[in-house]
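Below are the chains, spelled out letter by letter.
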Amino acid sequence: MNNSDTDWTFGGAWPYEPKWFDTPQGRLHYIDEGPRDGIPIVFVHGNPTWAYLYRRFIKAVTGWDFRAIAMDHLGFGRSDKPTPADVYSISLHADRCEALLESLDLENATLVVQDWGGPVGLTWAARHPERVSGLFVLNTFFQRPVGEVPLPAILKAFRTPFVGELLVKGAHAFVKGFLFRAGLNDPSRLTETDKAAYLAPHPTWSSRSGILAFPRQIPSGPKGPISDFVAAEGANLEAAFAGKPVKIVWPMKDVAFSAETLDGMWLKAFPHAEVTRVENAGHFIQEDAPETVIPELMDFIGRTHKSSEGPK
């Protein structure tokens, strides 16, 4: 499904060896860098990005002899891109993430999640808390909405039959409009190489099914299958991590997740969590503010694992 002539290193910006994991719905791509016996740091992306989103983070943690694992969801990055929408349900995404991470038999992991990577990746932590020593949470959700969820006009358009297909699968608007512009506080943060890396996985209409499936599953309120899913798994996570380290780093200019999600949902579920509010960052905080987020992550890992060594 990917372009066979694509340079997937993007001129050295993504110098990592691809690894593959088979699932019933298709093959997943992931990277596993650093020493096998290093403390594992697991990165889970959202929509419409892929593991490339964490390229600077991977370099940072492996530079300190930690082990970095970053996966591409089905339909994203170098993973397979089936056309049927039903393979992109949140529960199946979560099951596939769990299966991949369980195949690695990880211990003492730090889990880093953002956007849809929250419901997908945190499900693994909720189901296997003995494998995870701490949560590093960027803007995402994993709790039942307390009321009606106000959706921006563009998201309503993506959810509209036929219109969404034209915008997302035809015009590639989620990447070109949201990732490259509205989702960033400073769109100039993305280089031409970065844009090429985000465009490469989805060259055709049919390869964009996974991108369209995510906005159509955003809960519009407390009721519905996704609200029920995150409420059930989130309750398990809340119980399992009530006494474990949780760090939240939140972009205050996110057009998708407001401060109310942080204060009204996350801090009620994890009142002991440490919080850093990043004033000048939009939805894709990994691109907007890596110089803030990466030191926060390294500090969190260092304090969670006090025996870890310094940089090479």
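Refer to the structure presented above.
Residues numbered from 1 in each chain as written. Predicted model: local features only at pLDDT ≥ 70, side-chain atom pairs only at ≥ 80, totals over all residues. Heavy atoms only, no water.

## So, the pairing of strand β8 (residues 274-278)
- One ladder, built from five bridges, connects strand β7 (residues 246-251) with β8; its direction is parallel. Within β8, the position partnered with V249 by the bridge is T276.
- Once you follow β7 into helix α10 (residues 259-269) and on to β8, the crossover reads as right-handed. (Pairing = 2+ DSSP bridges. Helix = DSSP H or I, 4+ residues; strand = E, 2+ residues; numbered from the N terminus. Right-handed = clockwise from strand over helix to strand, strands pointing away.)

## Here we look at the layout of surface pockets
- In this structure, the largest pocket encloses a volume near 790 Å³.
- V149, P150, I218, A256 and F257 are, among the 33 residues lining the largest pocket, the residues nearest its centre.
- Every element with two or more residues in the lining of the largest pocket is listed here: α4 (153-159), α6 (173-182) and α10.
- When residues of the lining of the largest pocket are assigned to their parent elements, the largest contribution, five residues, is made by α6.
- Across the lining of the largest pocket, the residue classes tally to 22 nonpolar, seven polar and four charged. (1 Å grid on protein atoms, 1.4 Å probe; cavity = no way out; pocket = protein on both sides within 12 Å on 5 of 7 lines; lining within 4 Å. Points joined across faces, edges and corners; volume = space filled by probe spheres on them. Nonpolar A, V, L, I, M, F, W, Y, C, P; charged D, E, K, R; others polar.)

## A word on the packing of aromatic side chains
- Enumeration according to the criterion identifies 22 aromatic pairs in this entry.
- Judged by centre distance (5.5 Å) and plane angle (90°), the rings of F174 and F178 are edge-to-face. Within this pair, F174 and its partner F178 are both found in helix α6, separated by four residues, close to a single helical turn.
- Taken together, W8, F10, W14, Y16, W50, Y52 and Y198 form an aromatic cluster joined through their ring pairs.
- Seen from the ring of W20, R27 lies directly overhead, with NZ or CZ sitting 3.7 Å from the centre.
- The aromatic ring of F241 is capped on one face by K244, whose charged end is 4.8 Å from the ring centroid. (Phe/Tyr/Trp six-rings, centres within 6.5 Å; stacked < 30°, edge-to-face > 60°. Lys NZ or Arg CZ within 6 Å of the ring centre and 35° of its normal.)

## What about the environment of M71?
- Its place among the elements puts M71 in strand β4 (residues 67-71).
- When residues no more than four places from it in sequence are discounted, the contact partners of M71 are L28, H29, Y30, F43, H45, A51, C97 and L100. (Contact = heavy atoms within 4.5 Å.)

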